[in-house]
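Residue-level listing of the chains:
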Amino acid sequence: MSFHSVTQAPARLNRSELAVPGSQPQMFEKAAQSGADIVFLDLEDSVAPDDKEQARKNIIEALNDIDWNTKIMSLRINGLDTHYMYRDLVDVLEQAGERLDLIMIPKVGTAADVYAVDMLVTQIEAASGYRKPIGFELIIETALGMQNVNEIAAASRRNESLHFGVADYAASTRARTTTIGGVNQDYSVLTDALDSTGARATHWGDMWHHALSKLVVAARANGLRPVDGPFGDFSDPDGYTAAAKRAAALGYEGKWAIHPSQIEFANDVMSPGTEEVARARDILAAMKQAAEQGRGAVSLGGRLIDYASIRQAEVLVEKARQLQTA
Ligand code: GLV
Ligand code: MG
């Protein structure tokens, strides 16, 4: 291990994160009853400019009056390039900050963006006498943000998670895509001839792979949770599940749900399976036995188990423990 130790963000379940427009208060109760680990009430892109003010009021009322039970609550503020952002923070934090756990900052471009919000939040918290510090969820969704993702991830002790905002990222990089978070046949490999008939196969690729990979490294190197963003076609559960599985395979802890129907798929994919956890427990038991016998590596079911396997197994068992106590 490096001498540099990575401080981990507070452990929170973040398998599913439900987006709820602040301008649609009729959706709030359902969100509170849903199985989402985190609910973010949105003031940004799902709210039209003329509705911003009313949406703020709706959110303040909802945070104070609705029984959100143990739900982790987040507020997506408007971007730092708008004139809405300061009021989003001042109004909502002053009037309902006690019930907020997280603030989601969209389109973060530089570490200074995070610093600016941190400064404002710190002042409001101190003036309001709040004891529980609010954490930050940062959406990486522009070319600038992706370029500076490492500095952004390290920019504040409030940082808890990095989110891949694929819709704005596509717009910012001018990627050729039509559905949010979907795939594009143009991003594929055409094989050479497979047989004497000259038949060739097309293998679709994941055009988001590089961005997802870069973000997961920045998040993990700074002790933050990597969370995958939206999948727009909520009538395509299989496409959603496939995208969630790709993200989970890379190390992501969760995925957004832009529709309540997507929550169960995110929770399912992002929870470790019973067999996986049982195997992790076997690994830990086998390694404990090996350590007692002075051995550093053992084989279990015909596969080599070493210290790296222990660390992976510990992560899984810890996640299973969190789920049980959730
Ligand atoms: C989320 O905000 C996105 O742009 O994908
Ligand atoms: Mg966005």
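A brief look at the structure comes next. Since this is a predicted model, take the numbers as computed values, not measurements. (Residues numbered from 1 in each chain as written. Chains lettered and ligands numbered in written order. Predicted model: local features only at pLDDT ≥ 70, side-chain atom pairs only at ≥ 80, totals over all residues. Heavy atoms only, no water.)

1. Notes on the layout of surface pockets
Here comes step 1: Quantified by volume, the largest pocket comes out at close to 1000 Å³.
Here comes step 2: Taken together, 30 residues make up the lining of the largest pocket; nearest its centre are Arg220, Gly251, Glu253, Val315 and Lys319.
Here comes step 3: Among the secondary structure elements, those contributing two or more residues to the lining of the largest pocket are α8 (209-221), α9 (237-250), α10 (263-270) and α12 (307-325).
Here comes step 4: In terms of residue count, the dominant contributor to the lining of the largest pocket is α12 (7 residues).
Here comes step 5: Here the lining of the largest pocket is composed, by residue class, of 15 nonpolar, 7 polar and 8 charged.
Here comes step 6: Inspection of the lining of the largest pocket shows a minimum of three residues originating in each of domain 1 (16-192 + 206-271) and domain 2 (275-325). (1 Å grid on protein atoms, 1.4 Å probe; cavity = no way out; pocket = protein on both sides within 12 Å on 5 of 7 lines; lining within 4 Å. Points joined across faces, edges and corners; volume = space filled by probe spheres on them. Helix = DSSP H or I, 4+ residues; strand = E, 2+ residues; numbered from the N terminus. Nonpolar A, V, L, I, M, F, W, Y, C, P; charged D, E, K, R; others polar. Domains from an automatic or database assignment.)

2. Examining empty space enclosed by the protein
Rolling a probe over the atoms, with the probe sized like a water molecule, indicates the empty space that remains.
Here comes step 1: Scanning all chains against the criterion turns up 1 cavity of 30 Å³ or more.
Here comes step 2: Its boundaries defined by the atoms lining it, the largest cavity holds a volume of some 80 Å³.
Here comes step 3: Every residue lining the largest cavity is listed: Phe164, Val166, Gly181, Asp206, Trp208, Leu212, Asp228, Pro230, Phe231, Ala243, Arg246 and Lys255.
Here comes step 4: Its residues assigned to classes, the lining of the largest cavity shows 7 nonpolar, 1 polar and 4 charged.

3. Quick look at helix α11 (residues 274-292)
Here comes step 1: Compared with the 27 Å implied by 1.5 Å per residue over 19 residues, the 27 Å span of α11 between its first and last C-alpha is a close match.
Here comes step 2: Residues of α11 that are buried include every one of Val277, Ala280, Ile283, Ala286, Met287 and Ala290, and no others.
Here comes step 3: Gly294 sits one or two positions beyond α11 and adopts a positive phi of about 75 degrees. (Expected span 1.5 Å × (residues − 1). Buried < 20%, exposed > 50% of the residue type's maximum accessible area, 1.4 Å probe, protein only.)

4. Observations regarding the sheet that holds strand β9 (residues 225-228)
Here comes step 1: A barrel is described by the order of its strands in space; here 8 strands give the closed sequence β1-β2-β3-β4-β5-β6-β9-β10, paired in parallel fashion. Adjacent strand axes in the sheet meet at a mean angle of 25 degrees when their direction is disregarded.
Here comes step 2: Strand direction decides the pairing type here: β9 and strand β10 (residues 254-257), joined by 2 bridges, are parallel. Bridge pairing links Asp228 to Lys255 in β10.
Here comes step 3: Contacts between α9 and the sheet are confined to β9 and β10, with β10 contributing the most and set at about 150 degrees to the helix. (Pairing = 2+ DSSP bridges. Axes fitted to C-alpha atoms, helices over the stretch in contact; angles between N-to-C directions. Contact = heavy atoms within 4.5 Å.)

5. Side note on the side chain of Asp37
Here comes step 1: Among the secondary structure elements, Asp37 is positioned in the loop between α1 (28-33) and β2 (38-42).
Here comes step 2: The exposure class of Asp37 is buried, given its relative accessible area of 12%.
Here comes step 3: Beyond its immediate sequence surroundings of up to four residues, Asp37 is in contact with Leu13, Asn14, Arg15, Ser16, Lys71, Ile72 and Asn267.

6. With respect to the packing of aromatic side chains
Here comes step 1: As enumerated under the stated definition, the model contains 4 aromatic pairs in all.
Here comes step 2: Residues Phe164 and Trp208 carry aromatic rings whose centres are separated by 6.2 Å and whose planes lie at 55 degrees to one another, so their mutual orientation is tilted. Taken together, the residues span a long stretch of sequence, with Phe164 in strand β6 (residues 159-164) and Trp208 in the loop between β8 (202-204) and α8 at a distance of 44 residues.
Here comes step 3: What links up through ring pairs into an aromatic cluster is the set Phe164, Tyr169 and Trp208.
Here comes step 4: In this arrangement the basic side chain of Lys52 is found over the ring face of Tyr84, its NZ or CZ atom lying 5.4 Å from the centre. (Phe/Tyr/Trp six-rings, centres within 6.5 Å; stacked < 30°, edge-to-face > 60°. Lys NZ or Arg CZ within 6 Å of the ring centre and 35° of its normal.)

7. Section: the nonpolar core
Here comes step 1: Judged by nonpolar contacts, the single largest core of 68 residues is most densely connected at Leu41, Trp68, Leu89, Leu100, Ile103, Leu162 and Phe164.
Here comes step 2: Within the second largest apolar cluster, 10 residues are counted, among which are Ala280, Ile283, Ala286 and Val317. (Core = buried A, V, L, I, M, F, W, Y, C linked by side-chain atoms within 4.5 Å.)

8. Observations regarding the site of ligand 1
Here comes step 1: The immediate surroundings of ligand 1 are formed by Arg76, Glu141, Gly165, Val166, Ala167, Asp168, Pro230 and Trp256.
Here comes step 2: A distance of 3.0 Å separates an oxygen atom of ligand 1 from a polar side-chain atom of Arg76.
Here comes step 3: Within the side chain of Glu141, a nitrogen or oxygen atom sits 2.8 Å from an oxygen atom of ligand 1.
Here comes step 4: For ligand 1, whose free accessible area comes to 190 Å², the fraction covered by protein is 93%.
Here comes step 5: Ranked by residue count, the leading element in the shell around ligand 1 is helix α7 (residues 166-173), at 3 residues.
Here comes step 6: Looking at the shell around ligand 1 residue by residue, the class counts come to 4 nonpolar, 1 polar and 3 charged. (Near = heavy atom within 4 Å. Polar contact = N/O pair within 3.5 Å; in protein donor to acceptor, adjacent residues only side chain to side chain. Areas by Shrake-Rupley, 256 points an atom, 1.4 Å probe, with all protein chains shown as cover.)

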